[in-house]
Amino acid sequence: MSQLSNVSCAVAPEVADDTTLLGGFTFEVVALVATMIFLGLSRLSARCASTGALSGQVAKKYCWVEDDSCRSFSRPQDLVTALMARAASRDHSSVVDMFRQLRAMPGMPLKTGCEEAGVVCSELVVAVVQSSLREHAFDMRAVDQVLAVMQAQEIERTSEMYEALMRVFACKKMYKEALSIHDAMVADERFPSETTLSCLIAFASHANEPERAVQFFARLQEVVQPHIRAYMTVLGIHSRRGDVGASVEILHGMQKDCPDLVDVLIVNQVLTTCRNALDLRTTLEIMGHYKGQQVLDCISYNTALKTCAASADLQAAEEVFAMIPEGLASSVSHNTMMDAAVRAHNAPRAWSYLENMRSCGIAEDKYTISTMVRALNLEPSAERVRALLEMQKGLALDQRLLDSTFHALLEACSGTQDLDIRGEFYGAVEARSLGLSPGDYSILLRGLLGQGDAETAKAVMVAMCARGLRPSQELFAMLLESSVRQNREDLASAAFDAVINADFSPAWSMCVASWASYFSVLTRFGNNVSIVEAHQRMAATYQQRVALSVTLRAVADSSNIDKTMEIFEVLAAPDVPVDDALYNSLLVACLKEQQPDIALRLLAHQSEHNGPASSTTICTAVRIFGRCCRTAEAYRLVLDHQTRSPLDISICNALLKAYVTNRQTPRALELMDGLFADNRAKPDGQTYEILLTGCAHANSWGKAVGIVEHAAASGVRIPSSLMGKIRSQISSLRCSRALLTRLDDVWWTVDGQ
């Protein structure tokens, strides 16, 4: 082909110049001889090129190489002759180039060239369009221009030419262009044949112009009985548009005019249209009309059943199902009946149709289990979950269907009270090597832990971690609690190892809350060695200060302070920093258990390793000594702290409360006088409330009024509730009119009364 495309068309002019030497030969004979020489030299060129024996000079002489000078023609008839020869040899590139040269010639080259060369112009136009399509050089505007040139030069444009052009475009799936040729044909007062009209219906359908397709069909009906293919095309258009009325009208027309053409395909197409439009009434009418006839097959019944199912009309579906001849019902028929029952919210009927399907010897498929899973969601039960778990074993399900099926089964398991069904479900998951979603793992774990099956829950969590899915802190804590209830430290350790050793992506460390839960569980088991080992593993991830704080706080929350101090003395090495917050937490534990001696040990440890205690720590220690009736030690602790740091009012308040609680109000008032005299600390509202409470306990109302006056002078407001109690008590006393007057004069409350 490449050799052929390189052949020039200058041979014809050379022969034309030598017509005087040829005697009486006409131009047509010369052109024929030139064409034969051209084709012969083309074949010779191909052979010589394949053997390498042809030199460049010889090829140049006989125009076998590309050369613009070799492509010049002086007469249009020569160019037309050469163009048709190239078209016959499928040299499409040369055809396109030659036609451009032909149009560029002066005068009317198209008409003149075709007439002189004896070529039908319409055939040339078809050949050029076909070649331009093959060379991807097509331009519809150029075709319109050629047709306009033909009209201007009064060249006949036959119906055959238009139809040939439409066929050329249709072969290239250029249906819109084919319709454009039809429009040009009609404008030229040419009309398509019956066969072309039938083809135009398909062209319009493919071009997404349904209205034109219907118009072509109407025109075809006016001239001839349409072919079955035309009927199917128009019915397909109505089906896509959901036009049931038009489809039924065509069916009735066929039944009247050409009943022999009404076959299974026609009826099924109309039933499909009814299904798309959910027209149940028309579907039942068609099925009743053709009941027992040969035009209904299995697909017909299944299509009608799907319409009933989509309409959630189980009664109509049962009527259609009863029409199916014996042995014709397929798995689709039975599955659709199950679907109709599910859509009608009738789960028992769906299960009965499943049994009917099995009794007919029809095997379940993926559609069966998908439908029955929906039936299970309507009325979940352990027995039916087991039935579906058994059904899925023999089915080849894709991953998406597997995921949705097992998710639905898991939700059904959650709605049952059977204690074994979740374990059986997880066994099926493992048999399928199926990876559940994080949400499904959470549902399964909650169910297993809720029913106390910590052993299976541990296996689920191990599998979850192995798949790179991180369990939530809540689930981890639930599993640990379940292991404590069952006194199974091995379950807790296995879950912990699975979480801590899992290769999560992105990299992840167990959160502090999960570590705290694990330490709490180990504390309940009383395993100090495991606590120490777990602490060391946490210290490898977190700072030692954080690890120590989390460990001891978890132990303190789950055990007594003695146990906590045992762990503290093991872990708190001299090189391990202990922050004030941890000391405070431990002192709070001492306060709850009233362990002042352990508090002294903690204070000594803090003084030795961390330096002086903070005001918060001293305040907590004073509260411990006050609750244990050891106010003297509390006082000494405050004096010792005062030598190193300024006295904080919170510490003073704690010491005052210790005195008041132990009914040592005079000592509290003495301390208060010392504070006021030395201005070592400025009293606040809490200070006055503590002192007033102590005065009320000691019935020292004169002192109480004096404290109120001092508070008023300091700009501190006493809560109205406390002031009301004091005033009520003073009012009940005899000879207290003066105190009551003094109190009323200085009554300040938080509300400004």
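Since the structure is predicted, the reported quantities are computational estimates derived from the model, not experimental observations. (Residues numbered from 1 in each chain as written. Predicted model: local features only at pLDDT ≥ 70, side-chain atom pairs only at ≥ 80, totals over all residues. Heavy atoms only, no water.)

**Re the overall build of the protein chain**
Part 1: Broken down by element type, the protein chain carries 43 helices and zero strands.
Part 2: For the protein chain, the proportion of its 753 residues judged to be buried stands at 48%.
Part 3: By sequence separation, contacts in the protein chain at least 24 residues apart represent 65% of the contacts at least 6 residues apart.
Part 4: When the accessible surface of the protein chain is summed, it comes to about 36,400 Å², and 51% of that surface belongs to carbon and sulfur atoms. (Helix = DSSP H or I, 4+ residues; strand = E, 2+ residues; numbered from the N terminus. Buried < 20%, exposed > 50% of the residue type's maximum accessible area, 1.4 Å probe, protein only. Contact = heavy atoms within 4.5 Å. Areas by Shrake-Rupley, 256 points an atom, 1.4 Å probe, with all protein chains shown as cover.)

**A look at helix α32 (residues 544–558)**
The α-helix winds at 3.6 residues per turn, so residues separated by three or four positions along the chain end up facing the same way.
Part 1: Over its 15 residues, α32 extends 21 Å from the first C-alpha to the last, a length consistent with the 21 Å expected when each residue adds 1.5 Å.
Part 2: Of the surrounding secondary structure, the elements contacted by the buried residues of α32 are α30 (512–525), α31 (528–539), α33 (561–571) and α34 (580–593). (Expected span 1.5 Å × (residues − 1).)

**Brief notes about the packing of helix α5 (residues 76–88) against helix α7 (residues 109–117)**
Part 1: Where α5 meets α7, the axes come as close as 7 Å, and the angle between the chain directions of the two elements is 70°. The orientation of α5 with respect to α7, classified from their angle, is roughly perpendicular. On the side of α5, the interface is formed by P76, Q77, V80 and T81, while α7 contributes P109, T112, G113, C114, E116 and A117.
Part 2: Its residues assigned to classes, the contact of α5 with α7 comprises five nonpolar, four polar and one charged. (Axes fitted to C-alpha atoms, helices over the stretch in contact; angles between N-to-C directions. Parallel < 35°, antiparallel > 145°, perpendicular 65-115°, else oblique. Nonpolar A, V, L, I, M, F, W, Y, C, P; charged D, E, K, R; others polar.)

**Focus on unusual backbone geometry**
Part 1: Its identity as a non-glycine residue notwithstanding, E189 has a phi of 60°, on the positive side.
Part 2: You can see E189 is positioned in the loop between α11 (175–187) and α12 (194–206).

**What about helix α28 (residues 473–485)?**
Part 1: Between its first and last C-alpha atoms α28 spans 18 Å; for 13 residues at 1.5 Å apiece the expected length is 18 Å, and the two agree.
Part 2: What α28 keeps buried is the set L475, F476, A477, L479, L480, S482 and S483.

**Describing the environment of R422**
Part 1: Here R422 lies in helix α25 (residues 421–431).
Part 2: Of the polar contacts made by the side chain of R422, one reaches the backbone oxygen of C413; its length is 3.2 Å. (Polar contact = N/O pair within 3.5 Å; in protein donor to acceptor, adjacent residues only side chain to side chain.)

**A few points about the environment of C628**
Part 1: Along the chain, C628 falls in the loop between α36 (615–627) and α37 (631–642).
Part 2: When the C-alpha atoms of C628 and A658 are compared, they prove to be 9.3 Å apart, with 30 residues separating the residues in sequence.
Part 3: Residues within four places of C628 in sequence aside, it is in contact with Q594 and P596.

**Section: the side chain of S94**
Part 1: Turning to its location among the elements, S94 is positioned in helix α6 (residues 92–104).
Part 2: Residue classification places S94 among the buried residues on the basis of a relative accessible area of 1%.
Part 3: A distance of 2.8 Å separates polar atoms of two side chains, one belonging to S94 and the other to R86.

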